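# Structural features, examined
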Amino acid sequence: MALWMKAQQLQGPALHHVQALYGDSFPIEVRHFLASWIEDKMWADIDPDNPQHEQYISQFVESLIRELDEKIQTITAEDLFTTKLKLMEASSMFRQRFSHNPVSLFRILKNCLDNEMNLVKIAESQSTGQGVNANGFLGIMDPPAVEIIQELDKLRSKTTKIGECVRRVEQEQESFAIQYHEFSKVSQAVQEFQSSSENTAIATPDFENELKYQKEALERALHQKINLIGTLHADLSKKLQDTIAPLASLQSRILDEELIKWKRDQQLSGNGRKFTSNLDNIQEWCESLAEIIWFNRQHIKEAERLKSIMVRFFRPDNDELPNLEAQITQLLSSLITSTFIIEKQPPQVMKTNTRFTASVRLLVGGKLNVHMTPPTVRATIISEAQAISLLKNGKVTSGEASGEIINNIGTMEYHQATKQLSVSYRSMSLKKIKRADKKGGTESVMDEKFSLLFSSHFTVGGGKLEFQVWTLSLPVVVIVHGNQEPHAWATVTWDNAFAELGRIPFVVPEKVPWCQIADALNTKFCDATGRSLTEDNLHFLAEKAFRAELKEYNSLLLSWSQFCKEPLPDRSFTFWEWFYAVMKLTREHLKGPWMDGHILGFIRKKRTEEMLAQCEYGTFLLRFSDSELGGITIAAVGENKEVVMLQPFTGKDFAIRSIADRISDLSHRLVYLYPDICKDQAFGKYYTPFSENQATAGNGYVKPFLVTHVPGWGGPSGPSIGTGSYPPTPQNMFHPQSPMDNSSIITESVASYSKGIGADFDYMEFGNLPSIEEDENLEKNLFYDTYDVMNKPPPSS
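On a predicted model such as this, the values are computed, not experimentally measured, just so you know. For every chain, the first residue of the written sequence is number 1, and numbering continues from 1 onward in sequence order. Totals for whole chains, interfaces and linings use every residue, but because this is a predicted model, local features are given only for residues with pLDDT of at least 70 and side-chain atom pairs only at 80 or more, for both listing and counting. Where side-chain values are given, they derive from all heavy atoms of the structure, hydrogens and water being excluded.

### Brief notes about the overall build of the chain
Strands are runs of DSSP state E lasting at least two residues, helices are runs of H or I lasting at least four, and both sets are numbered from the N terminus onward. When helices and strands are counted, the chain shows 25 helices and 20 strands. Looking at the chain as a whole, 46% of its 797 residues qualify as buried. Residues count as neighbours in contact if any of their non-hydrogen atoms are within 4.5 Å of one another. Contacts in the chain between residues far apart in sequence, at least 24 positions, make up 69% of those at least 6 positions apart. For the chain, the accessible surface area stands at approximately 39,600 Å², while carbon and sulfur atoms represent 49% of it. The buried label goes to any residue with under 20% of its type's maximum accessible area, the exposed label to any with over 50%, and the partly exposed label to all in between, with areas taken from a 1.4 Å probe on protein chains only. All accessible-area figures derive from a Shrake-Rupley calculation using a 1.4 Å probe, and residue coverage is judged against the displayed protein chains alone.

So this is what it looks like as structure tokens:
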């Protein structure tokens, strides 16, 4: 189906956006009546910025106007009379405005068709259930984007009219020059006539009067022409002022709102916020701004040149052109320096001697042909104090950096397919770092923020304008060891979440309302684990962070110190360290059950006991440990309705045997996941499958299997071999003489005992086990138990 046919079938806001695409520069009536012709002739691979395509574009515009005129002649219906008039106005407007600049019309139409295609794609994706949201496909569904496109279209139209006005001034001044030359000849003839006695003697009064009359007529015509030219110059100056003011306003909107919003969204993505980048859209807008600014700057310079020619004939009372040139040049400078951005940020927690990547992009580089002399970009790392000084002075100095980065120089490249001018650093590495003196006793190296400074230097306009551009990365915390990572991420998370626009680097508030902290924690946890935190989860976290039971907490202020400096009551770790460890454990070992909603996790021990007290035997739930960093415990209802909590498992335990398999091992005592979900239904899909050919390793050795056993809970009887997880180790291996504490867990390895209790044991806590001297048959029993595991009969004694 043709594109325009699909566009007409759009509904609601999408159809309104299509209408908004077409304005005075290209009326929607032309699009409708020439739909088939336009889509047939408008080749996608024609680039208005490619000089080699200019001839085709010129022919296209000529053919478009001819086709439009032919279409107008075919419209005879009375009810289409006003439409016919509209098309006639469009044809006349195309000739006047675009005959000398066909590329502009082609670019306008191409932009309309591209956006039209995006809208159709969005609608098709939504109808097929692919879930493309309104921000997809260049974010064209956003009303602000449509408004910006409309404003750019108006400014292009104004700029085109200014160009026409400049040409009119030039034509009138050329006409004035001809008339002035004629006036000079007549004036000279009159002067010669009056000074020559011979001429005076032979001349008749009529001839003298005719010369004088001709001179006076030419003089009047010259005065009229001068007045006209002066009026045209004043009108030109007024048109320039009327264009530059909204141009500056629109540029401020794009740079100070849209681009700053993009940068803020990029920073929040460092905390896990979903980031739908519309940078390509912003580049299109900025390139349009650059083009409009450049054309207006050329118009101003041409107007100044033309005015300098007439300076001896008239001098305006208030010459605004120098001021307008300064304004337009400042707009161009601001646009170039503001669109030098970091597209891919370096890692915010940076470890020394570890390779990292980053990329930098100049959004208007292609439009201004900066790539004709490709600039180099240098990356250096600077301290917070150096960043403050840089923003204060506004200039990059050759001062000492705060560290040494290798592979830190790259050359910007222009990619024709994407029309992007950028440089990618693929193997930078921070070799060393120079730290500042500590400000106080509580300061640590993980609190210190640095930033990567990317800087470059280039010229545009044939070397007439010179620019030094630079940009700072998001704050970076430098570590030298993995154990510094949690606190470093606390610094980064707080900065990403609560940095304010226009701040002094890298100032953040000392206290923040809990509702904002909760949002940051939820975003981070959801990004890491795949599921958001519930209101109950956040209530639990609030009480843990504030160290108190709370009912109303969203408006309470939590300090940075409470967040990650002060240890929790009766603990050796902080709130953030506890949260970070839980998040890491869930991401690496519990993600599936967590996403399924089978881990309550954030619940207090007392509340756990209250919930399980009314449940039947074998009901259990999973909660994150308060005492063990990155630990999770199983709380279960015992035979006598008592609530038993097992020793917390950690990531090291799950690296050996998963939470699902451990729950499967304890089949007699763990039956229902709270409140009444069969545990196989909840965790069965995560059980490790077993097959007979796994029993013997390829090297001929008998392969051991690990199971979880709780003394006093009876013998394990997990799933049978071949249907469930790995089979359990026999319970009588160590013949315990007295029952152990119910919170103890024994994870046993048959093969490891002959070597002593070593690394093959996940977690072991023994009660009164017999010594070798007390049970001389222990080794024999172990030998038998090994064969029991493999379902083989023991040899005769």
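From this point on, the discussion continues.
### Side note on the confidence of the model for the chain
Along the chain, pLDDT gives the predictor's confidence residue by residue, from 0 to 100. Here the chain shows a mean pLDDT of 83. Residues at 70 or above account for 83%. Predicted confidence is poor over residues 129-141, with pLDDT under 50, and the contacts of this stretch with residues over four places away or in other chains come to 33 contacts. For residues 716-797, every residue scores under 50 in pLDDT, and the model assigns this stretch 157 contacts once sequence neighbours within four places are set aside.

### A few points about the packing of helix H5 (residues 54-74) against helix H6 (residues 81-98)
Contact geometry for H5 and H6: axes closest at 10 Å, N-to-C directions at 160 degrees. Considering their axes alone, H5 and H6 lie roughly antiparallel with respect to each other. The way H5 lies across H6 gives a crossing that is left-handed. Residues Leu-64, Ile-65, Leu-68, Asp-69 and Ile-72 of H5 form the contact with H6, whose own contacting residues are Lys-84, Leu-87, Met-88, Ala-90, Ser-91, Phe-94 and Arg-95. Any residue outside Ala, Val, Leu, Ile, Met, Phe, Trp, Tyr, Cys, Pro, Asp, Glu, Lys and Arg is labelled polar, Gly included; the first ten of those are nonpolar and the last four are charged. The class makeup of the residues in the contact of H5 with H6 is eight nonpolar, one polar and three charged. For helices, the fitted axis covers only the stretch in contact; all axes are lines through C-alpha atoms, and the angles between them, taken along N-to-C directions, range from 0 to 180 degrees. For classification purposes, angles smaller than 35 degrees are called roughly parallel, those larger than 145 roughly antiparallel, those between 65 and 115 roughly perpendicular, and all remaining angles oblique. In this scheme the handedness of a crossing depends on how the near helix is turned from the far one: anticlockwise by less than a right angle means left-handed, clockwise means right-handed.

### Focus on the sheet that holds strand S18 (residues 677-678)
Taken together, five strands build an open sheet; the order of strands is S16-S15-S14-S17-S18 and the sheet is mixed. Unpaired on one side and paired on the other, strand S16 (643-645) and S18 mark the two borders of the sheet. Strand pairing requires that DSSP identify at least two bridges connecting the strands. As paired strands, strand S14 (residues 619-624) and strand S15 (residues 632-637) are joined by five bridges and run antiparallel to one another. Along S15, the bridge assignment pairs Arg-623 with Thr-633. Across the sheet, helix H21 (residues 605-613) lies against S14, S15 and S16, angled at about 165 degrees from S14, the strand it touches most.

### Observations regarding the packing of aromatic side chains
Two rings from Phe, Tyr or Trp (for Trp, the six-membered ring) form a pair when their centres sit within 6.5 Å of each other. Planes less than 30 degrees apart are called stacked, planes more than 60 degrees apart edge-to-face, and all others tilted. What the rule picks out here adds up to 34 aromatic pairs. Considering the side-chain rings of Trp-594 and Phe-602, the 6.1 Å spacing of their centres and the 80 degrees angle between planes classify their relative orientation as edge-to-face. As far as burial versus exposure is concerned, Trp-594 and Phe-602 are alike and both buried. Here the guanidinium or amino end of Arg-531 rests over the ring plane of Trp-594, the centre of that ring lying 3.9 Å away. The criterion is that NZ of a Lys, or CZ of an Arg, lies within 6 Å of the ring centre and within 35 degrees of the ring normal, and then a charge sits over that ring. Between Lys-544 and the ring centre of Trp-578, over which it is positioned, the NZ or CZ distance is 4.5 Å.

### Looking at the sheet that holds strand S6 (residues 409-411)
Taken in spatial order, the four strands of this open sheet run S6-S4-S9-S10, and their pairing is antiparallel. Two strands bound the open sheet, and with one partner strand each, they are S6 and strand S10 (465-472). Within this sheet the neighbouring strands show an average axis-to-axis angle of 25 degrees, counted without direction. The pairing of strand S4 (residues 376-383) with strand S9 (residues 450-460) spans seven bridges and is classified as antiparallel. Looking at S9, one finds that Ser-383 is bridged to Phe-450. Relative to S10, helix H13 (residues 321-338) is tilted by about 40 degrees, and along the sheet it contacts S9 and S10.

### Examining the packing of helix H17 (residues 535-546) against helix H19 (residues 575-589)
Viewed as axis vectors pointing N to C, H17 and H19 meet at an angle of 145 degrees, and their least axial separation amounts to 9 Å. Residues Phe-540, Leu-541, Lys-544 and Ala-545 of H17 form the contact with H19, whose participating residues are Phe-575, Trp-578 and Phe-579. Residue composition of the contact of H17 with H19, by class: six nonpolar, no polar and one charged.

### Observations concerning the nonpolar core
Working definition of a nonpolar core: buried Ala, Val, Leu, Ile, Met, Phe, Trp, Tyr and Cys residues. They are joined through side-chain atoms within 4.5 Å. Ile-336, Leu-362, Met-428, Leu-452 and Phe-454 are the most contacted members of the largest nonpolar core, which totals 69 residues. Per-element tally for this core: the top contributor is helix H12 (residues 279-309), with eleven residues. Beyond its immediate sequence surroundings of up to four residues, Phe-454 is in contact with Phe-340, Ile-342, Ala-358, Val-360, Val-377, Arg-378, Ala-379, Tyr-425, Met-428, Val-469, Trp-470 and Thr-471. Ala-545, Leu-558, Met-583 and Phe-654 belong to the second-largest nonpolar core, a separate cluster that totals 60 residues.

### Focus on empty space enclosed by the protein
Method remark: on a 1 Å grid restricted to protein atoms, a set of points is classed as a cavity if a 1.4 Å probe fits but cannot get out and as a pocket if it is open with protein on both sides within 12 Å along at least five of seven lines; lining residues have an atom within 4 Å of a point. Grid points are joined across faces, edges and corners, and a volume is the space filled by probe spheres set on the points. The full count for this structure, using the stated rule, is two cavities of 30 Å³ or more. Of the volumes computed, that of the second largest cavity is approximately 30 Å³. Together, Thr-493, Trp-494, Phe-498, Ile-517, Ala-520, Leu-521 and Phe-563 line the second largest cavity. Classifying every residue of the lining of the second largest cavity by side-chain character gives six nonpolar, one polar and no charged.

### A short note on unusual backbone geometry
Where the residue is not glycine, phi is negative for most of them; where a peptide bond is considered, it is trans in most cases. Following Pro-505, the chain continues into Phe-506 via a peptide bond in cis, with omega recorded as -20 degrees. A cis amide bond, omega 5 degrees, links Tyr-674 with the succeeding residue Pro-675. Here Pro-675 is to be found in the loop between strand S17 (672-673) and S18. Located in the positive-phi region is Arg-547, a residue other than glycine, with phi close to 60 degrees. Its location among the elements puts Arg-547 in the loop between H17 and strand S13 (557-559). By relative accessible area, which is 25% here, Arg-547 ends up partly exposed.

### A short note on the pattern of salt bridges
A carboxyl oxygen of Asp or Glu within 4 Å of a side-chain nitrogen of Lys or Arg is what we treat as a salt bridge. Following the criterion strictly, the structure yields 33 salt bridges and no others. Between Arg-503 and Asp-495 there is a salt bridge, with its nearest N and O atoms 2.9 Å apart. The salt bridge partner of Arg-623 is Asp-626, with a shortest N-O separation of 2.8 Å. Like Arg-623, the residue Asp-626 is buried in the burial classification.

### Some words on H6
Its 18 residues give H6 an end-to-end C-alpha distance of 25 Å, which sits within 8% of 26 Å, the value for a rise of 1.5 Å per residue. Restricting attention to buried positions, one finds in H6 the residues Thr-83, Leu-87, Ala-90, Ser-91, Met-93, Phe-94, Arg-97 and Phe-98. Along H6, the residues classed as buried sweep out an arc of 165 degrees about the axis, all on the same side. The exposed residues of H6 that point more than 90 degrees off its buried face are Phe-81, Thr-82, Glu-89 and Gln-96. To estimate the expected span of a helix, count its residues, drop one, and scale the result by 1.5 Å. To obtain the arc, one takes the directions from the helix axis to the C-beta atoms.

### Observations concerning a nonpolar patch on the surface
For patch detection, residues must exceed 30% relative accessible area and be free of salt bridges, and they are connected within 9 Å for like charges or within 5 Å for nonpolar side chains (Val, Leu, Ile, Met, Phe, Trp, Tyr). Judged by side-chain polarity, Phe-81, Leu-85 and Met-88 come together as a nonpolar surface patch covering roughly 290 Å² of accessible area. Tracing the backbone shows Met-88 in helix H6. On the basis of relative accessibility, which here comes to 41%, the residue Met-88 falls in the partly exposed class.

### Section: the environment of Lys-652
Relative to the elements of secondary structure, Lys-652 occurs in helix H22 (residues 651-656). Look at Lys-652 and you get exposed, because its relative accessible area is 70%. In sequence terms Lys-652 and His-589 are 63 residues apart; their C-alpha atoms lie 9.8 Å from each other.

### Looking at the pairing of S10
Taken across its eight residues, S10 has six buried, putting it largely inside the fold. One ladder, built from eight bridges, connects S9 with S10; its direction is antiparallel. Each bridged residue has a counterpart across the sheet, and for Phe-454 the counterpart in S10 is Thr-471. With antiparallel pairing between neighbouring strands as the criterion, S9 and S10 make up a hairpin whose turn holds four residues, including Gly-461 at a positive phi of roughly 65 degrees.

### Digging into the environment of Ile-634
By the secondary structure assignment, Ile-634 is in strand S15. For Ile-634, a relative accessible area of 1% corresponds to the buried category. Here the alpha-carbon distance between Ile-634 and Pro-648, two residues 14 residues apart in the chain, equals 7.4 Å.

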